[in-house]
Amino acid sequence: MNIFMGNSFYNDDELEEFLKQQANNHRMYPSDKVWRNIQESLHGNMRWPALGFFSVLIISALVVGTLIIEPGKKMIAENYLRSTKNTQPVILPQDAENAIILTEHFYPAHITQQTIQYVSRSLSSQQNQPPQEATAFNQNIVLFNNSLLNTSNLLIPASTLHALPVSKDIILTNRSKEKYIMPRTLLLSTAIESLKLPAASNYFQTKEEDIWRSFPLFTTAPTKQTTFPFDFEFYITPSVSHRKWVYNDENTKQAPSLKQMVHHAPAMGIETGFSLNYHLNKAFTLKAGLQFNMRKYNLDAYRYTRPTEIIPDDNVLNNDVADTTSTYYIAQSVAPDGSKKITLSNSYYQISLPIGVDWRVVNISKKLSWNIGVAVQPTYTFDKTVYAIDNDLKTYTNANNRLRNWNVNANAETFLRYKKGDMSWQIGPQFRYQMLPTLSGSSPVKEYLFDYGVKVGFIKTLSH
Amino acid sequence: MTVEAIILGCLNNNPTAQRELYNKYSPKMLSVCYRFAQNREDAEDMLQEGFIKIFNGMQSFENKGAFEGWMRKIMVHSCINFLKYYKKLGQNAHLEFAENIEIKEETIPSILQAKQVVECIRLLPIGYRTVLNLYAIEGYSHKEIAELLDIEESTSRSQYTRAKSLLEAILIKRRIIDTNTLRRSQFLPAWKNK
């Protein structure tokens, strides 16, 4: 069939109208990849920041909740008592099975060898009866620690003592699970008043050893007290981020004005994370953890928008349109007339694994110490917006696809640490430096990121 | 969201507004690109570049006429630039003789008439197809087409004439249009095209 026979079966306008109608009725649905590429081109990879942000938020909430929200001490004491219910009897010399168990908190260090010998002789005369839990005395527990020195509570109130059956010994246990037996012979031989401790105000005047010598307590099988060498640390470091430039080749070195032409400014960033610390000894602590980093710095650029074609307004669609392209110049001196100054922002969102060591240089006081720390951090960048100088040395180009996602950072810090109980707080300056260039492949300049800021940390000593 | 709200959001670089715009217009725009492209992958690449230009150039839309028309212009330009960049226009732009074009009926899926017509258009050599798309469907003049494709105006006219004749033959062979009538209302509906 000769298709160019020249006979059109239709009026031209009708065919064109038909084609236009059919074409306008046609729809096609693009794949998801198209929108993702568009979004990435406009905003960078938006997926990870939300994930990273919420991960940090959840981790922070869990850490803060664990550190701050503690069960009450009374609850601890009551739970301890409940835990001893229906359990095996405490380890006792066979002669001291007939006893009442009271739970107290006091300092075991004050037990002297003399008292241990005393109880060894006394225990041999005890009758053989199973111990009973002193649930009746739960309400009379007195926490014998510093926080209650201002109270007038007695170790064993007189009313409690009067309620004790004289046929039973008293076994006292402390938080470290040491067991102390107060033989009933002591109760029989000593007037009740003599078992009262001095009034609280007298504590400050009386040596604690004197108190315990007059109030003999005997230990059976003390549990060996061990300190758990692990700490949990949570920290946050508001920081200022910037970059260091190194010329990459001879051509760039011959353009010495490059560094004078560009204008970059530091911007605020943040680091936050947690670590598990292991005390090698009193001076050195090993640390390993997980950290989220946000780094950013700003670049002044000059945007030139070039219209490519103007379509006259004489067609069916009745529109003027200008197709445009934008170029970002590094300085006004190299930008065409009509360029507009804007601020670009290079931003980096990272996850790193800091591994390092702290050195306690000196103890300033019993609670305050000065420390130095260093760490190496393998780092992964999961989101970024990066503008880099192009090979023409005049313009910035988007360099997201050339970013080195895996990098290594090193940090050094010094801080003061204040310890109170099993909690510590620390504050001090920190400096962090990126060891490998930001971009892979060739580029006129090599960029190395660095941050400096103030690190604030909270440390909790972990227990068994 | 209304079109005005979407435009305002896009001017503020709001990702939600941009997504709304994309969802609303991408089916039609992809259809435009598909008529110019050699395959679906090329069409999606054209669509992607076109939308990036649209979002980056929102400030240049000055409310003169329909927003969709403005978008469509940018999309067509994106298609032409893509064909030029990858040198696909040069392969067939000056095809003079097309009598030996084989109409492969089995390549045209018989689903909807609109899709059939588009597929018939895509059977044309790329040069003919581009001129036909620009003149008959997008409404460009031969002078504008000549400037856009860097060809002579007379070449544009002759290529359009040949393209139209070839397309008519394809549509008749596929029985999408009837040879025995001049009235548009008697173009065969899809269900009769068996």
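All values reported here derive from a predicted model rather than from experimental measurement.

The rules behind each value
- Residues numbered from 1 in each chain as written.
- Chains lettered and ligands numbered in written order.
- Predicted model: local features only at pLDDT ≥ 70, side-chain atom pairs only at ≥ 80, totals over all residues.
- Heavy atoms only, no water.
- Helix = DSSP H or I, 4+ residues; strand = E, 2+ residues; numbered from the N terminus.
- Buried < 20%, exposed > 50% of the residue type's maximum accessible area, 1.4 Å probe, protein only.
- Contact = heavy atoms within 4.5 Å.
- Areas by Shrake-Rupley, 256 points an atom, 1.4 Å probe, with all protein chains shown as cover.
- 1 Å grid on protein atoms, 1.4 Å probe; cavity = no way out; pocket = protein on both sides within 12 Å on 5 of 7 lines; lining within 4 Å.
- Points joined across faces, edges and corners; volume = space filled by probe spheres on them.
- Phe/Tyr/Trp six-rings, centres within 6.5 Å; stacked < 30°, edge-to-face > 60°.
- Lys NZ or Arg CZ within 6 Å of the ring centre and 35° of its normal.
- Patch = residues over 30% accessible without salt bridge, like charges linked within 9 Å, V, L, I, M, F, W, Y side chains within 5 Å.
- Salt bridge = Lys/Arg side-chain N within 4 Å of Asp/Glu carboxyl O.
- pLDDT = per-residue confidence, 0-100.
- Axes fitted to C-alpha atoms, helices over the stretch in contact; angles between N-to-C directions.
- Parallel < 35°, antiparallel > 145°, perpendicular 65-115°, else oblique.
- Left-handed = near helix turned anticlockwise from the far one by under 90°.
- Nonpolar A, V, L, I, M, F, W, Y, C, P; charged D, E, K, R; others polar.
- Polar contact = N/O pair within 3.5 Å; in protein donor to acceptor, adjacent residues only side chain to side chain.

Comments concerning the overall build of chain B
Thinking step 1. A count of helical and extended segments in chain B gives nine helices and zero strands.
Thinking step 2. Beginning at the N terminus, the succession of helices and strands in chain B can be written as α-α-α-α-α-α-α-α-α.
Thinking step 3. When the 194 residues of chain B are sorted by exposure, 56% land in the buried category.
Thinking step 4. Excluding contacts between residues fewer than 6 apart, the proportion of contacts in chain B whose partners are at least 24 apart in sequence is 64%.
Thinking step 5. As displayed, chain B offers around 8900 Å² of accessible surface, 47% of which is attributable to carbon and sulfur atoms.

Some points on empty space enclosed by the protein
Residues and elements named next belong to chain A.
Thinking step 1. In total, this model carries eight cavities of 30 Å³ or more according to the counting rule given.
Thinking step 2. Approximately 140 Å³ is the volume found for the largest cavity.
Thinking step 3. Taken together, 19 residues line the largest cavity, and the ones lying closest to its centre are K287, P354, A375, E413 and K455.
Thinking step 4. At the level of elements, β8 (284–310), β11 (355–363), β12 (368–385) and β15 (406–420) are the ones that each hand at least two residues to the lining of the largest cavity.

Points about the packing of aromatic side chains
Thinking step 1. By the definition in use, this model includes 18 aromatic pairs over all chains.
Thinking step 2. On the numbers, 4.9 Å between centres and 35° between planes, the contact of A:W35 with B:Y22 is tilted. Taken as a pair, A:W35 in helix α2 (residues 32–43) and B:Y22 in helix α2 (residues 15–36) lie in two separate chains rather than in one.
Thinking step 3. Judged by centre distance (6.3 Å) and plane angle (10°), the rings of A:F284 and A:W359 are stacked. Of this pair, A:F284 sits in strand β8 while A:W359 sits in strand β11, placing them 75 residues apart in sequence.
Thinking step 4. Look at A:W359 and you get partly exposed, because its relative accessible area is 38%.
Thinking step 5. We note A:R243 situated over the ring of A:W245; from NZ or CZ to the ring centre the distance is 4.4 Å.
Thinking step 6. A cation over an aromatic ring shows up here: B:K24 above the ring of B:Y25, its NZ or CZ 5.8 Å from the ring centre.

Focus on a nonpolar patch on the surface
Thinking step 1. Judged by side-chain polarity, A:Y278, A:L280, A:F284, A:L286 and A:W359 come together as a nonpolar surface patch covering roughly 450 Å² of accessible area.
Thinking step 2. Residue class for A:F284 comes out partly exposed when judged on its relative accessible area of 36%.

Some remarks on the confidence of the model for chain A
Residue and element names in this part refer to chain A.
Thinking step 1. Counting all residues, the mean pLDDT for chain A is 67, and 53% of those residues have values of 70 or more.
Thinking step 2. Ignoring residues within four places in sequence, the model shows residues 172–181, a span with pLDDT below 50, making 53 contacts including any to other chains.
Thinking step 3. Across residues 308–324 the pLDDT falls below 50, and counting only partners more than four positions away or on other chains, this stretch makes 48 contacts in the model.

Structural notes on helix α6 (residues 113–123) of chain B
Each α-helix winds once per 3.6 residues, and so residues spaced three or four apart point in a common direction.
Thinking step 1. Counting buried positions along α6(B) yields nine of 11 residues, so the element is predominantly enclosed.
Thinking step 2. Where α6(B) is concerned, the buried positions are B:Q113, B:A114, B:Q116, B:V117, B:V118, B:E119, B:C120, B:I121 and B:R122.

Focus: the packing of α2(B) against helix α4 (residues 67–85) of chain B
Residue and element names in this part refer to chain B.
Thinking step 1. Between α2 and α4, the least distance of the axes is 10 Å, while the angle of their chain directions is 40°. Judged on the interaxial angle alone, α4 and α2 are oblique. Both α2 and α4 take part in a crossing whose hand is right-handed. Residues L21, Y25, K28, M29, V32, C33, R35 and F36 of α2 lie in contact with α4, whose contacting residues are F67, E68, M71, R72, M75, V76, C79, I80 and L83.
Thinking step 2. By residue class, the composition of the contact of α2 with α4 is 13 nonpolar, no polar and four charged.

Describing the side chain of A:R295
Residues and elements named next belong to chain A.
Thinking step 1. Positionally, R295 belongs in strand β8.
Thinking step 2. Taking relative accessible area as the criterion, R295 reaches 1% and is therefore assigned buried.
Thinking step 3. A polar contact is formed between the side chain of R295 and the side chain of Q350, at a distance of 3.5 Å.
Thinking step 4. Among the polar contacts listed, one links the side chain of R295 to the side chain of N409, at a separation of 3.0 Å.
Thinking step 5. Dropping the residues within four chain positions of it, R295 is found in contact with S241, N346, S347, Y348, Q350, N409, R432, Y433, Q434, L449, F450 and D451.

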